[in-house]
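# Remarks on the overall topology
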Amino acid sequence: MALFASVTFICVMLFPQWYTTLLAFVLGYVGYRVCLAQCQKDTPSHGTILITESDNYIEFHGVRTLVGKVLTAQLFMEILCLQVKDYSGNNHRVLLTPGSLSAQDWSRLCRVCFAHHTRELKS
C-alpha cells in the first residue's frame, strides 16, 4: 500500500496537470482497494487457533481451515503475518491483529512463533 501512495505522491509532484493528478489519485485508490482485498482474503474473521510450542504446529479452524507449520512470522505495526506450510506442501499467508484474540492468546502466539523462528536461525 505504501508503494501506491508513493507513486501517487510522485506523480502529483512531477506532473501537476489536473488530468495527471486525477489519474494519480485513481491509481492510489485502486491500489488501496487491491491491498485491502488481499488483507481481507488472508485474515480469518473468526475461529479457533491451536499452536504447539515444540514443533510450531498450528491449526486454524473457522471460516478458513488450515493445518500446518509456521515457516516465518513477521510483525508489521500491529499485524502478525504468518507463512504457514500445510502438509500438502502449499504455502499460505495468514494475517492476524491483536483485536482478533485475547491479550493472553495474542502474546502466546507471538512468543511461540518468534521463539521457534529464533531457534531455527541459531541452529
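Below: a short report on this structure. (Residues numbered from 1 in each chain as written. Predicted model: local features only at pLDDT ≥ 70, side-chain atom pairs only at ≥ 80, totals over all residues. Heavy atoms only, no water.)

### Focus: the nonpolar core
Quick reminder of the rule: The term nonpolar core refers to a set of buried residues drawn from Ala, Val, Leu, Ile, Met, Phe, Trp, Tyr and Cys, joined through side-chain atoms within 4.5 Å. Using a 1.4 Å probe on the protein chains alone, a residue whose accessible area is under 20% of its type maximum counts as buried, one over 50% counts as exposed, and one in between counts as partly exposed. In DSSP terms, a helix is any run of H or I states spanning at least four residues, a strand is any run of E spanning at least two, and both are numbered starting from the N terminus. Pairs of residues are marked as contacts when any of their non-hydrogen atoms sit within 4.5 Å.
Formed by 16 residues in total, the largest nonpolar core has its most connected members in Ile 58, Phe 60, Leu 82 and Val 84. Looking at this core, the elements with two or more residues in it are strand E2 (57-62), strand E3 (66-76), strand E4 (79-86), strand E5 (91-96) and helix H3 (103-122). When residues in this core are grouped by element, the largest group, five residues, is from H3. Once you skip the residues sitting within four places of it in the chain, Val 84 turns out to touch Ile 58, Phe 60, Leu 66, Gly 68, Lys 69, Val 70, Asn 90, Asn 91, His 92 and Val 94.

### Thoughts on the side chain of Glu 59
Our working rule: Counting rule for charge: Lys and Arg are taken as positive, Asp and Glu as negative, and neither His nor the chain ends is counted. Only one rule defines a salt bridge in this text: a Lys or Arg side-chain nitrogen within 4 Å of an Asp or Glu carboxyl oxygen. Pairing of N or O atoms within 3.5 Å defines a polar contact, subject to two protein rules: one partner must be a possible hydrogen donor and the other a possible acceptor, and residues neighboring in sequence count only if both atoms are side-chain atoms.
Along the chain, Glu 59 falls in strand E2. Notably, Glu 59 is buried but unbridged: the nearest opposite-charge side chain belongs to Arg 108, and the N-O separation is 12 Å. Among the polar contacts made by the side chain of Glu 59, one reaches the side chain of Tyr 57 at a distance of 2.3 Å. Ignoring any residue separated from it by four or fewer positions in sequence, one finds Glu 59 in contact with Thr 48, Ile 49, Leu 50, Leu 66 and Val 67.

### Structural notes on the side chain of Asp 86
Position of Asp 86 among the secondary structure elements: in strand E4. Comment: no salt bridge for buried Asp 86; closest opposite-charge side chain is Lys 85, at 7.9 Å. In terms of polar contacts, Asp 86 uses its side chain to reach the side chain of Ser 88, at 3.0 Å. Here Asn 90 takes part through its backbone nitrogen, which lies 2.8 Å from a polar atom of the side chain of Asp 86. With near-sequence residues (within four places) excluded, Asp 86 lies in contact with Leu 66, Val 67, Gly 68 and His 92.

### Some thoughts on the pairing of E2
Operational definition: Here a strand pair is declared whenever DSSP counts at least two bridges between the two strands.
Where E2 meets E3, four bridges bridge the pair, whose relative direction is antiparallel. Bridged to Glu 59 within E3 is Val 67. Between E2 and the antiparallel strand that follows it, E3, lie three residues.

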